[in-house]
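Tertiary structure, described
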Amino acid sequence: MSGFFVTGTDTEVGKTLVSAWLLTQLDGAYWKPIQAGTVPTTDSATVQQLAELPVSRVLPEAYLLPEPMAPHESARRANIALDMEKIKLPPHDGLVVVEGAGGLMVPIVDGTYMIDLADALDLPIILVARSTLGTINHTLLSLEAIRRRGLPLAGVVISGSETPHNRAAIERFGKVEVIAEIPQLETVNRDTLKAIEPELDLLKLATVRP
Ligand SMILES: Nc1ncnc2c1ncn2[C@@H]1O[C@H](COP(=O)(O)OP(=O)(O)OP(=O)(O)O)[C@@H](O)[C@H]1O
Ligand SMILES: [Mg+2]
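An account of the accompanying structure is given in this report. (Residues numbered from 1 in each chain as written. Chains lettered and ligands numbered in written order. Predicted model: local features only at pLDDT ≥ 70, side-chain atom pairs only at ≥ 80, totals over all residues. Heavy atoms only, no water.)

Where helix α5 (residues 135-148) meets helix α6 (residues 164-174), the axes come as close as 10 Å, and the angle between the chain directions of the two elements is 30°. Taken together, the axes of α5 and α6 are roughly parallel relative to one another. By crossing handedness, the relation of α5 to α6 is classed as right-handed. Taking contact as the criterion, the partners of Thr-135, Ile-136, Thr-139, Leu-140, Leu-143 and Arg-147 in α5 are, on α6, Asn-166, Ala-169, Ile-170, Phe-173 and Gly-174. In terms of residue class, the contact of α5 with α6 is built from six nonpolar, four polar and one charged. (Axes fitted to C-alpha atoms, helices over the stretch in contact; angles between N-to-C directions. Helix = DSSP H or I, 4+ residues; strand = E, 2+ residues; numbered from the N terminus. Parallel < 35°, antiparallel > 145°, perpendicular 65-115°, else oblique. Left-handed = near helix turned anticlockwise from the far one by under 90°. Contact = heavy atoms within 4.5 Å. Nonpolar A, V, L, I, M, F, W, Y, C, P; charged D, E, K, R; others polar.)

For the magnesium ion (ligand 2), the protein coordination sphere consists of Thr-16 (OG1), Asp-43 (OD) and Glu-99 (OE), at 2.0 to 2.2 Å. All donors of the magnesium ion (ligand 2) come from a single chain, and their spacing in sequence reads T-x26-D-x55-E. Pair noted here: Thr-16 is in helix α1 (residues 15-25) and Asp-43 is in helix α2 (residues 43-51), with a separation of 27 residues, a long-range link. Note on accessibility: Thr-16 and Asp-43 belong to one class, buried. (Donors = N, O, S within 2.8 Å, 3.2 Å for Na, K, Ca; no water. Buried < 20%, exposed > 50% of the residue type's maximum accessible area, 1.4 Å probe, protein only.)

All right, on to helix α4 (residues 114-121) then. One turn of the α-helix equals 3.6 residues, which is why residues spaced by three or four share an orientation. Those residues of α4 that sit buried are Met-114, Ile-115, Leu-117, Ala-118 and Leu-121. Buried residues of α4, seen end-on, are gathered within an arc of 155° and therefore sit on one face of the element. Two residues or fewer after α4 comes Asp-122, characterised by a positive phi angle close to 55°. (Arc of directions from axis to C-beta.)

The next thing to look at is the site of ligand 1. Near ligand 1, the surroundings consist of 18 residues, among which Thr-11, Lys-15, Thr-16, Pro-183 and Leu-185 are the closest. Backbone polar atom of Leu-17 to an oxygen atom of ligand 1: 3.0 Å apart, as the coordinates give it. The fraction of the free accessible surface of ligand 1 (630 Å²) that becomes covered by protein chains is 74%. Of all the secondary-structure elements, those providing two or more residues to the shell around ligand 1 are α1 and β6 (95-103). Considered class by class, the residues forming the shell around ligand 1 number six nonpolar, seven polar and five charged. (Near = heavy atom within 4 Å. Polar contact = N/O pair within 3.5 Å; in protein donor to acceptor, adjacent residues only side chain to side chain. Areas by Shrake-Rupley, 256 points an atom, 1.4 Å probe, with all protein chains shown as cover.)

The subject of this paragraph is the nonpolar core. Proteins that are soluble and globular tend to have nonpolar side chains buried together. One finds Phe-5, Met-114 and Val-156 to be the most contacted residues of the largest nonpolar core, which totals 36 residues. Among the elements of the structure, β2 (28-31), β3 (34-36), β5 (63-65), β6, α4, β9 (125-130), α5 and β10 (153-159) are those that each provide at least two residues to this core. It is α4 that contributes the most residues to this core, five residues altogether. In this view, Phe-5 contacts Val-98, Gly-100, Met-114, Leu-117, Ala-118, Leu-121, Leu-123, Pro-124, Ile-125 and Ile-126; residues no more than four positions away in its chain are not counted. Residues Val-47, Val-97, Ile-179 and Ile-196 belong to the second largest nonpolar core, which totals 30 residues. (Core = buried A, V, L, I, M, F, W, Y, C linked by side-chain atoms within 4.5 Å.)

Evaluated as defined, the whole model comprises ten salt bridges. Two residues, Lys-32 and Asp-43, come together in a salt bridge whose shortest N-O distance is 2.8 Å. With a gap of eleven residues between them, Lys-32 in the loop between β2 and β3 and Asp-43 in helix α2 connect regions that are remote in the sequence. Judged by relative accessible area, Lys-32 falls into the buried class, the value being 5%. One salt bridge in this structure joins Arg-76 and Glu-73, with 2.8 Å as the shortest N-O distance. (Salt bridge = Lys/Arg side-chain N within 4 Å of Asp/Glu carboxyl O.)

A large share of strand β1 (residues 3-8) lies buried, amounting to six of its six residues. Because side chains alternate across β1, one face comprises the buried residues Gly-3, Phe-5 and Thr-7, and the other comprises Phe-4, Val-6 and Gly-8, equally buried. The pairing of β1 with β6 spans five bridges and is parallel. Across the sheet, Gly-8 pairs through a bridge with Gly-103, a residue of β6. In terms of strand pairing, β1 meets β9 through four bridges, oriented parallel. When the bridges of β9 are listed, Thr-7 appears paired with Leu-127. (Pairing = 2+ DSSP bridges.)

Put into structure tokens, the structure is as follows:
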């Protein structure tokens, strides 16, 4: 299986934007296994619209939880028992971009975190980091968790206004490659996303085990 598991250093860092960007660069499907919060929209709907994907390329969520909160709590409030066995990648053709909820240590059930879902899916991980102050600490912590579990890491995508010093620190101290920098976009749509060139070969990253 080829594709990416897109995670982030935090919620709201740009995982959905980066997932849509990836799908403007590569042919593939999108899957958000756990969606917490459906108003005003879902990440699946956002990616479908931004990347202008055929609806058939958006795979159904395993869990669609109403409250926009940490999944374990959103599930509790909806009286839903999350079950890792039910979080299985639906059948699809070709490459898949999977977007996690929040960051790597977001709990799913007792003793199981988003990083365990990444492990189970065995896809190269893309870590989305914000460009601004605080990102070095969050990025290095996330990289440490990925490496401690021996998970495949494709690299980092940095989102937001350009901060060359933060990029340099992430590369130097994190010993990681930057796949792309997504500038702070005034207009987010298929054209503006497609215009952002990856710095590395995405197809190779998606298919080759790092
Ligand atoms: N580089 C950027 N340029 C312009 N807008 C951005 C950029 N990065 C993120 N955003 C905007 O910031 C908001 C949060 O981004 P996004 O939804 O991609 O984050 P997320 O990590 O997927 O959040 P969640 O944890 O809720 O899934 C969105 O409105 C998105 O369009
Ligand atoms: Mg998202």
